[in-house]
Amino acid sequence: MEHPQQPEDSMSQDLSEAVKAASREVHSQAENSEFMKNFQKGQVTRDGFKLLMASLYHIYTALEAEIEDNKENPVYAPLYFPEELHRRAALEQDMAFWYGPRWQEAIPYTKATRRYVRRLQEVGRTEPELLVAHAYTRYLGDLSGGQVLKKIAQKALDLPSSGEGVAFFTFPHVVSATKFKQLYRSRMNSLEMTPEVRHRVIEEVKSSFLLNIQLFEELQELLTRDTKDQSPSKAPELRRRAGSRAQGEGLRGRRLPWALREGHMARLAASSVS
Ligand code: HEM
């Protein structure tokens, strides 16, 4: 049963409850963005997934750099769970899987991703008391809906059940996502904060959802533009390949078209960069 929503600055409500209530609407907007709706229907392509994963690589690299810098700061310290949560190493594995050994030169870095990264850096350096908002939005999301997305991607992209290509979604040091989320919420609730900071944290949670939504909108736009760019005669072939395994596997005779295509997506992504 739904509980009536309390005013966000009512200090009687736990922070974890307050952020959940305050982000209900933006969560639903995120779930219903075209990119995520298609994903949930299993309509995720290799190109779309690779774009998303590259953006997440940049985002988590920035988030976790700011977390490391603030791991002893009492505004964040109780939420410091590098072993259980940190995603950068997993995303590096995924980058190598999807983009090959020279992934660092190959991955796109889009405008909306840059905007998100800039905000994370600003928060870490000037308002570290708001880092909790960004960590909550991403890590608790990854431990919730992220687990559904993992299975969908594995099926839609014909990935091995061993987890290659989706290391990002796998949390080997979290035995029970439900129990871990409970622990995380209790740590959030243990943070000491003034009503003014609490208000800014809640606003930052909503902003961080919006940064994610803007990213999904941008990625969808890039994919739509890319599809429109394909000549009708080429499109079916590319669609068929979109379901094939990652690069490096059975590529004889395919290396050149894929390389060209990757260059094409990277150029499109770069053209969206401010
Ligand atoms: C297809 C897209 C998505 C689906 C299907 C989905 C689904 C879910 C589900 C089932 C929960 C658990 C709700 C509960 O325990 O009460 C959840 C929680 C959550 N999701 Fe999502 N989600 C999606 C997208 C997102 C996105 C894009 C974000 C943010 C980047 C996000 C952030 C969160 C957060 C922070 C929670 C934890 C809420 C809390 O317990 O406080 N989700 N999601």
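Quantities reported herein were computed from a predicted structural model and do not represent experimental measurements.

## Quick notes on the UniProt feature "binding site: heme b" (unreviewed entry) in the chain
Here the UniProt feature "binding site: heme b" (unreviewed entry) sits at Lys 20, His 27, Tyr 136 and Arg 185. For the largest pocket, the lining residues drawn from the annotated set are Lys 20, His 27, Tyr 136 and Arg 185. Mapped onto the elements of the fold, Lys 20 is located in helix α1 (residues 15-22). Mapped onto the elements of the fold, Arg 185 is located in helix α11 (residues 177-190). Its relative accessible area of 26% is what places Arg 185 among the partly exposed residues. If we ignore the near neighbours within four places in the chain, the residues touching Arg 185 are Ser 16 and Leu 140.

## Section: the coordination of the iron atom of the ligand
Among all protein atoms, only His 27 (NE2) binds the iron atom of the ligand, sitting 2.1 Å from it. Within the secondary structure layout, His 27 lies in helix α2 (residues 24-31).

## Description of the packing of helix α4 (residues 46-69) against helix α6 (residues 88-99)
Where α4 contacts α6, the axes come no closer than 9 Å and their chain directions differ by 150°. With respect to α6, the element α4 is oriented roughly antiparallel. α4 and α6 meet at a crossing whose hand is left-handed. Packed against α4, whose contacting residues are Arg 46, Phe 49, Lys 50, Leu 51, Met 53, Ala 54, Leu 56, Tyr 57, Tyr 60, Thr 61 and Glu 64, the element α6 presents Arg 88, Leu 91, Glu 92, Asp 94, Met 95, Trp 98 and Tyr 99 at the interface.

## Some remarks on the pattern of salt bridges
Under the defined criterion, the tally for this structure stands at 13 salt bridges. Put simply, Arg 200 and Glu 127 hold a salt bridge, and the shortest N to O gap is 2.7 Å. On the criterion of sequence distance, the pair formed by Arg 200 in helix α12 (residues 195-229) and Glu 127 in the loop between α8 (111-126) and α9 (131-142) is long-range, its members being 73 residues apart. We classify Arg 200 as partly exposed; its relative accessible area is 23%. Via salt bridges that share partners, Arg 119, Glu 122, Glu 127, Glu 129, Glu 196, Arg 200 and Glu 204 belong to a single interconnected network.

## Examining unusual backbone geometry
Positioned with a positive phi, Asp 158 is a non-glycine residue whose angle comes to about 55°. Tracing the backbone shows Asp 158 in the loop between α10 (145-156) and α11.

## A closer look at the nonpolar core
Residues Phe 39, Phe 49 and Tyr 184 are the most contacted members of the largest nonpolar core, which totals 74 residues. If sequence neighbours within four positions are ignored, Phe 39 has contacts with Val 44, Phe 49, Leu 52, Leu 149, Ile 152 and Ala 153.

How each quantity is defined
- Residues numbered from 1 in each chain as written.
- Predicted model: local features only at pLDDT ≥ 70, side-chain atom pairs only at ≥ 80, totals over all residues.
- Heavy atoms only, no water.
- UniProt positions renumbered as here; feature names shortened; annotations may be inferred.
- 1 Å grid on protein atoms, 1.4 Å probe; cavity = no way out; pocket = protein on both sides within 12 Å on 5 of 7 lines; lining within 4 Å.
- Helix = DSSP H or I, 4+ residues; strand = E, 2+ residues; numbered from the N terminus.
- Buried < 20%, exposed > 50% of the residue type's maximum accessible area, 1.4 Å probe, protein only.
- Contact = heavy atoms within 4.5 Å.
- Donors = N, O, S within 2.8 Å, 3.2 Å for Na, K, Ca; no water.
- Axes fitted to C-alpha atoms, helices over the stretch in contact; angles between N-to-C directions.
- Parallel < 35°, antiparallel > 145°, perpendicular 65-115°, else oblique.
- Left-handed = near helix turned anticlockwise from the far one by under 90°.
- Salt bridge = Lys/Arg side-chain N within 4 Å of Asp/Glu carboxyl O.
- Core = buried A, V, L, I, M, F, W, Y, C linked by side-chain atoms within 4.5 Å.

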